[in-house]
Amino acid sequence: MRRKVLTSFTMAAMEAVLVHILLIVCALLQTTARQYEDSVQEDFITVENLPNLLRQHFILKINYMCNIESIAGVQIYADSDTRQHIRIFEKSWICKPASGDNESKSRFVKLVLPDIIAYQDDWIMKRSIVISNVKIRVFLLIDSPMPSFGDTAYDNAHIKSQHSVQVLPPYSRPFKDHQICHQWYIQHLPKYKERPIKQCSYQSEVVELLGFPAAFSETNDGITRQLPAYTDVVLLHETSRKFTESSFTFSTWLFLVDYCQSSLCSIMKRKSFYDNQYLTPLLLLNGEGQIHLQVVQTNGESYSFLPALKLPLKQWFRLIYTQNSGKWDIYINYGENFEVEEHTGHVFPHGAYINDMDGMIYLGGCSSLVGFKGYMAETRFYRRHVMHPHQIYHPAKSHAMFSIGIEDFYAKCDRFQKRMNFRFHVYHMMIAAYNNQRSCSADITRFIKNDFVKSKTSQIETLKCSPWKAPILAKHAIVVSELRELAAEQVTELSEEHFNDISQKLYDAVTIYLEEGLFDMPDMITLLKQASCYGNHEASYMLSVLYNNGVGVKMSLKLGWLYLLISTLGNYKIALMASGNKHYLGLDGYPKDYDYSFNYYRNVAQQSAKDREVHNPQGIYTEHVRLTDKAALDIHKGESADYFVWLKYQAKHGVGDAQSTLGRLLFWGQQGVDRNMEAAVQYYQTSAEAADASAIALYDYGIILMRGQGVEQNISKAVEILHKSAEMGHAPALSALGWHASKFEDDQVKAVEYWEEADRLGNKDAAFNLGHLHNIGAYPGEQADPRKAFDYFQRAAVNGHMDGGLVLSQFYNQGVQDYIERNPRFAVMWAKYIAEEYGSDLGKLLKQGVDSYLDQSWAKAYVYYLMAAESGLEVAQFNIAFLCDENYDSLTTSYIEKECALHFYNLSTMAGRPHPHALIKMGDYHWYGCTGKRDVSAAVDMYVKAAQANDPHGLFNLAYLVEEDTYINTSTWQLLGMPENIYNGTDKQAILIDLYQRCRDHNNEDSFVPCSLALLRIQLIDLWNRYSLLIKVMAVAGATVISYLYITTSLTQRRQYYEMEAV
């Protein structure tokens, strides 16, 4: 049992000492944190009374302090339907330096807002406007003129923060008292207010499709959006009447990394809801950087056009597409301040048809088209309006797409690669000169012997020959060494393969550094950045994790965003999962958005499905091993584990189950065993050819023969073996025979017979195959039926079928006509499940984490588990929280800035099935208030969930709270199934006895003694309170003896039981 449980049974003094120690530790941690923050940044400015709702004449209380005379300021910005980033309030004053230590000041600022934002329309003010995205910004700025410093003040401030607030819609705002004499007819207006005219609720015609940058690659994945239906009757009628004369504007910000390598790549398209027909418009990108425009005309025919505009590469630019009935225009703005504008337009021969309420918008790729390679942000759709470029304002420089620094990253990488490529060509000329017996032969000989790469502390020599005399920086030593080797091998041009090799050498060097610890993190960061520039997306992802958690570097969310987007663009599966997870939960500044999340998770799920079919020998099965589970860790030691050795011994002596298990471990690479297809086939074959072969053994061998995995394909023999397994009633064998009938015999009727029989037996493969037939209309004698297909796919997915879950996620993303509404959350959940269960890259990372832990290579274990935890996998979050809590080699306290134990235990408890240990930890955090605020109800909730998960520690802690007179409502006891007569009574002893008895009676050796002693203590107290002195003494003595005998006997029996289980 854990320390907290054990100490709860000592004397009251010991309990008090423990509580005081914990409180002192918490106080010291908080004091240390405050001292650290004060030492890093003494200046501050905050809003003490931030309003939830922006109101006229609200008084803000601003607390601030500065050590250098500065300008303190408050600004409020908002967006309207036609303009962005409008400054609606500004106030500034001089901040004088503090005269004493920690002397802060306060200032009250009265908000005076424009009338059109604060009030309703009335007889004087005729037009109030709708605003959104309201931000209150406070800042301290050094060396700036006082009057109206505008938009740049906040960007240039050294201390700043911004806060989002809500605002009332126009018809919910108050009327303004203008305090003027009105004309005679105004006095009659109140009579009309008694019978008010019904007003429609406001409906914005500006739909924000994207805000935060999204990464797209040339895959069939993208972000799906559905425009909201019109609720206003007039708008609905007006729109439906003008499908052939409609107007709209599509505005987006793009950053293209490369032009399309396929025939066409999608930027934006519209497709119908259920039959996937293209709708107006389609904006595609070709290999020359031109836009391919396609629309559906009013006569039903498609029309396409290829404008002459060429889109810029590796810089942000704005693309605007407008359509006004039959006329279209395209504008692009780019350049340093987006001052360069290009325009083209044309008229469709027959006009264009659009109904924006029909179908969905796909940004990036979709099932039928790959997306472009690059980033997209700040994308809007203006319904029924033609907007010109000057009417759509540019986002502020503080917008994520600019502040992250994507342009700077690619510019720096281009400069770095050009320098290295220049060196390579110089080295190539040197080798050519040497081979031709030219000058400087002595220097070249020394060069080939690698004498010119010096350590960081050594003085670097220079060659006398001018073309290559530049010194080699130590941080470039690995790249230079690789380039010189390539030059020596007579390589004339560097290819993508060479760049991959260089980047892998850089990444491998970082893993070697990690074996020594985290103290040399600056050098590791440098190598990782070089590897990232050369396209190593695993290095980019590691950088994002290090910056996001502050591992050996200053924590930076923006650098975390940058490198995660870079790695996500490179299709690195764990980075895709991390992006999906952050958007799924809204973590680390990412907006919570299921459509973003689905885009990334679906990409991983599709890759995982393909990887599973390829059967890469290097692929590793994803296994959820917890570092607190000693038995699982022992098994995970691979072929050196006692479990594996015992299996080999059993298999050698003809035990069929052991042979099948060994085949499975080697085939999939499970429990720390390296994948070995050939050895796996031998065990499968031996097990299947035994006289008493099981149905499972026959099926396993028959399947690998049919697929030719690790063995030469033999269809006829496979069918013969599968028939034997099917005759034994094995449902997967029946499904496999159905697959053979469909694929090799082209007999769908026979296939369906096999599959329906297997489906009745609960086989997931059969359910998926039947769903596929119904979906494509190939079921004999029936038309395509998406509803039946959905039911079969759902049945397969619930039983763990990977492809079934993947197809089901797409069904939820799009919906099934007259059957299932579109549900992005369910779509994400299924795609997330497939990605986490079957991702081979994630399995490899988890194995590296376990192996590093077993080798006591703590720094590697920390980094690998952090990388896995950022992907959202619960077991990885649990393990990194455990590592942070244990603080091996003081790595947590010395190198990790984020409060990682609390952070990841908390994330772990948000999973569908959190581990009880994490629940207990979070309960303790809430109970003791180590986060700065005690939350008793949250602690109770965590302990109850742990108890429901069959953990006695949760029961024990709940009993402890009852002893501390903590109020626990009756619904909690009902959740635990406690009898009503116990929790409804006035005596808390009955509740304590019930909880401690449950705790004692758990099949858990660690909990038996402490829970038994706690129960004895409560029973003795109960006896003492009930009877006279003589009876008390006799009862206490008898109860003590009986309890002692019971405990010792039970311990002996339990010990014998566990010894037998071990044998």
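Conventions and cut-offs
- Residues numbered from 1 in each chain as written.
- Predicted model: local features only at pLDDT ≥ 70, side-chain atom pairs only at ≥ 80, totals over all residues.
- Heavy atoms only, no water.
- Helix = DSSP H or I, 4+ residues; strand = E, 2+ residues; numbered from the N terminus.
- Buried < 20%, exposed > 50% of the residue type's maximum accessible area, 1.4 Å probe, protein only.
- Contact = heavy atoms within 4.5 Å.
- Areas by Shrake-Rupley, 256 points an atom, 1.4 Å probe, with all protein chains shown as cover.
- Expected span 1.5 Å × (residues − 1).
- Lys, Arg positive; Asp, Glu negative; His and termini not counted.
- Salt bridge = Lys/Arg side-chain N within 4 Å of Asp/Glu carboxyl O.
- Disulfide = S-S within 2.5 Å.
- Pairing = 2+ DSSP bridges.
- Patch = residues over 30% accessible without salt bridge, like charges linked within 9 Å, V, L, I, M, F, W, Y side chains within 5 Å.
- Charge placed at Lys NZ, Arg CZ, Asp CG, Glu CD.

Student: What is the right way to look at the overall build of the protein chain in this model?
Tutor: If you tally the helices and strands in the protein chain, you get 41 helices and 21 strands. Relative to its full complement of 1063 residues, the protein chain shows a buried share of 51%. Contacts spanning at least 24 positions in sequence make up 64% of the contacts within the protein chain whose residues lie at least 6 apart. Accessible surface for the protein chain amounts to roughly 50,800 Å². Of this, 51% is attributable to carbon and sulfur atoms.

Student: Help me out: how do you make sense of the side chain of Gln 297 in this one?
Tutor: In this fold, Gln 297 is placed in the loop between strand S15 (291–296) and strand S16 (302–305). Setting aside chain neighbours within four positions, we find Gln 297 in contact with Ser 302, Tyr 303, Phe 348, Pro 349, His 350, Gly 351, Ala 352 and Tyr 353.

Student: How do you make sense of helix H27 (residues 802–814) when you look at a structure like this?
Tutor: Think of an α-helix as 3.6 residues a turn; residues three or four steps apart then line up on the same face. Taking 1.5 Å of rise per residue, the 13 residues of H27 would be expected to cover 18 Å, and the 19 Å separating its terminal C-alpha atoms lies within 8% of that figure. Burial within H27 is extensive, with 10 of its 13 residues counted as buried.

Student: Would you mind going over the side chain of Glu 538 with me for this structure?
Tutor: On the secondary structure map, Glu 538 appears in helix H13 (residues 537–549). One buried charged side chain, Glu 538, makes no salt bridge at all; its nearest oppositely charged neighbour is Lys 844, positioned 4.9 Å away. The contact partners of Glu 538, leaving out residues within four places of it in the chain, are Tyr 507, Tyr 572 and Met 867.

Student: Is there a simple way to think about unusual backbone geometry in this case?
Tutor: The bulk of non-glycine residues show a negative phi, and the bulk of peptide bonds are trans. Here the bond from Thr 280 into Pro 281 is cis, since omega is -5°, no more than 30 degrees from zero. By the secondary structure assignment, Pro 281 is in strand S14 (residues 278–285). Of note in this structure, Asn 571 is not a glycine but carries a positive phi near 65°. Among the structural elements, Asn 571 can be located in the loop between helix H14 (557–569) and helix H15 (573–585). Of note in this structure, Asn 950 is not a glycine but carries a positive phi near 70°. Checked against the element boundaries, Asn 950 lands in the loop between helix H35 (936–948) and helix H36 (952–963).

Student: For this particular structure, what's the right way to read the state of the cysteines?
Tutor: Enumeration according to the criterion identifies 5 disulfides in this entry. The partner cysteine of Cys 260 in its disulfide is Cys 265, sulfur to sulfur 2.0 Å. Because the torsion about its S-S bond is 75°, the bridge between Cys 260 and Cys 265 counts as right-handed. For Cys 265, a relative accessible area of 1% corresponds to the buried category. Linked covalently through their sulfurs, Cys 999 and Cys 1011 form a disulfide whose S-S length is 1.7 Å. A residue pair is termed long-range when its members are at least 10 positions apart, and Cys 999 in helix H39 (residues 988–1000) and Cys 1011 in helix H40 (residues 1005–1026) qualify at 12 residues.

Student: Where do I start with the sheet that holds strand S8 (residues 159–167) in this structure?
Tutor: To summarise the sheet geometry, strands pair through backbone hydrogen bonds and adopt either a parallel or an antiparallel arrangement. Strand order in the open sheet formed by 5 strands is S2-S8-S7-S4-S5, and the pairing between neighbours is mixed. Across the chains shown, the open sheet's two edge strands, defined by having one partner strand only, are strand S2 (53–54) and strand S5 (86–95). With 7 bridges joining them, strand S7 (residues 131–141) and S8 adopt antiparallel strand pairing. Paired with Ile 136 across the bridge in S8 is His 163.

Student: Could you clarify how one ought to interpret a positive patch on the surface in this entry?
Tutor: A cluster of like positive charges, contributed by Lys 412, Arg 415, Arg 419, Lys 475 and Lys 529, occupies part of the molecular surface. Of all the elements, helix H8 (residues 406–435) adds the most residues to the positive patch, at 3 residues. Here Lys 529 lies in helix H12 (residues 521–533). Take Lys 529: its relative accessible area is 34%, and that puts it in the partly exposed class.

Student: Please explain the pairing of S14 as it appears in this structure.
Tutor: Remark: a regular strand shows side chains that alternate across the two faces of the sheet. In terms of burial, S14 is a largely internal element, 7 of the 8 residues being buried. Of the pairings in the sheet, the one linking strand S13 (residues 265–271) to S14 comprises 6 bridges and is antiparallel in character. Along S14, the bridge assignment pairs Ser 266 with Leu 284. The loop that links S13 with its antiparallel partner S14 comprises 6 residues; one of these, Asn 276, has a positive phi angle of about 55°. Pairing of S14 with S15 involves 4 bridges; the strand directions are antiparallel. In the strand pairing of S15, Leu 285 is matched with Ile 291. The turn joining S14 and S15, which pair antiparallel and follow one another in sequence, is formed by 5 residues; a positive phi near 85° is taken by Gly 289.

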